[in-house]
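Descriptive analysis of the structure
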Amino acid sequence: MTQKNLRKCISCGEIKPREDMIRIMKEHSTNVIFTNPNSKTFGRSVYLCYNLSCIEQAFKKNRLNKVLKTNSNLEKTDLIKLLQDRKG
Ligand SMILES: [Zn+2]
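These notes cover the structure that comes with them. For every chain, the first residue of its written sequence is number 1, and the numbers climb from 1 along that sequence. Since the coordinates come from a predicted model, pLDDT governs what is reported: local features require at least 70, and pairs of side-chain atoms require 80 or more to be given and counted, while whole-chain, interface and lining totals use all residues.

**A short note on the sheet that holds strand β3 (residues 21–27)**
Criterion used throughout: strands pair if DSSP finds at least two bridges between them. Secondary structure elements follow DSSP: runs of H or I no shorter than four residues count as helices, runs of E no shorter than two count as strands, and numbering proceeds from the N terminus. Judged by pairing direction, the sheet is antiparallel, and its three strands sit side by side in the order β4-β3-β5 without closing on themselves. Across the chains shown, the open sheet's two edge strands, defined by having one partner strand only, are β4 (33–35) and β5 (43–49). Neighbour-to-neighbour, the strand axes of this sheet turn through a mean angle of 20°, independent of strand direction. Here β3 pairs with β4 via three bridges, running antiparallel. Directly across from Met 25, in β4, lies its bridge partner Phe 34. To get an axis, fit a line to the C-alpha atoms, keeping to the stretch in contact for a helix; angles then go from 0 to 180 degrees between the N-to-C directions.

**Some words on the pairing of β3**
Summarising the sheet, β3 and β5 pair through seven bridges and their orientation is antiparallel. Its bridge partner lying in β5, Ile 24 is registered against Val 46. Hairpin connection between β3 and β4: a loop of five residues separates the two successive antiparallel strands, and Asn 31 in this loop has a positive phi of roughly 65°.

**Structural notes on helix α3 (residues 76–87)**
Every helix has an expected span of 1.5 Å times one less than the residues it contains. Under the 1.5 Å per step criterion, the end-to-end length of α3 is 17 Å for 12 residues, consistent within 8% with the ideal 16 Å. Among the 12 residues in α3, one count as buried, and that is only a small part of the element. In the segment just after α3, Gly 88 is the residue with positive phi, at about 65°. Exposure is read from a count of other C-beta atoms within 10 Å of each residue's own; the residue is exposed at 12 or fewer, buried at 20 or more and partly exposed in between. C-beta atoms are placed from the backbone.

**Some thoughts on the nonpolar core**
Working definition: the nonpolar core is a set of buried Ala, Val, Leu, Ile, Met, Phe, Trp, Tyr and Cys residues, joined through C-beta atoms within 7 Å. Within the largest apolar cluster, 15 residues are counted, with the highest numbers of intra-cluster contacts made by Cys 9, Tyr 47 and Leu 48. Elements supplying a minimum of two residues to this core: β3, β5, α1 (52–59) and α2 (63–68). Take this core: its biggest share by element is four residues, from β5. Beyond its immediate chain neighbours, meaning those up to four positions away, Leu 48 contacts Cys 9, Ile 10, Ser 11, Met 21, Ile 22, Ile 24, Cys 54, Ile 55, Ala 58 and Leu 79. We call two residues in contact when the distance between their C-beta atoms, placed using the backbone, is within 7 Å.

By themselves, these observations are geometric and do not establish any function.
Rendered as structure tokens:
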């Protein structure tokens with residue numbers, strides 16, 4: 001396994017392969033927040049485990065918005081939906 005594809009969860013600090021994590025990105029020019037954006041989108045990204053407790057922790061004390069330096073209206077339920085979609 002190559003190191004470059006590993007990412008750290010902002011909630012629990014665990015390091016996992018990028019494809020096993022939720023990516024939350026603030027698009028560089030518009031400040032729009034994307035979850036699991038396609039590769040044509042560029043901006044500041046953070047990663048979370050596909051894990052309810054990590055999602056909940058990211059929304060405590062507005063942590064996610066602080067890390068992304070934004071006031072996005074991203075909801076916890078938006079990420080929980082990704083979690084459910086992945087479980088299929
Ligand atoms: Zn985590």
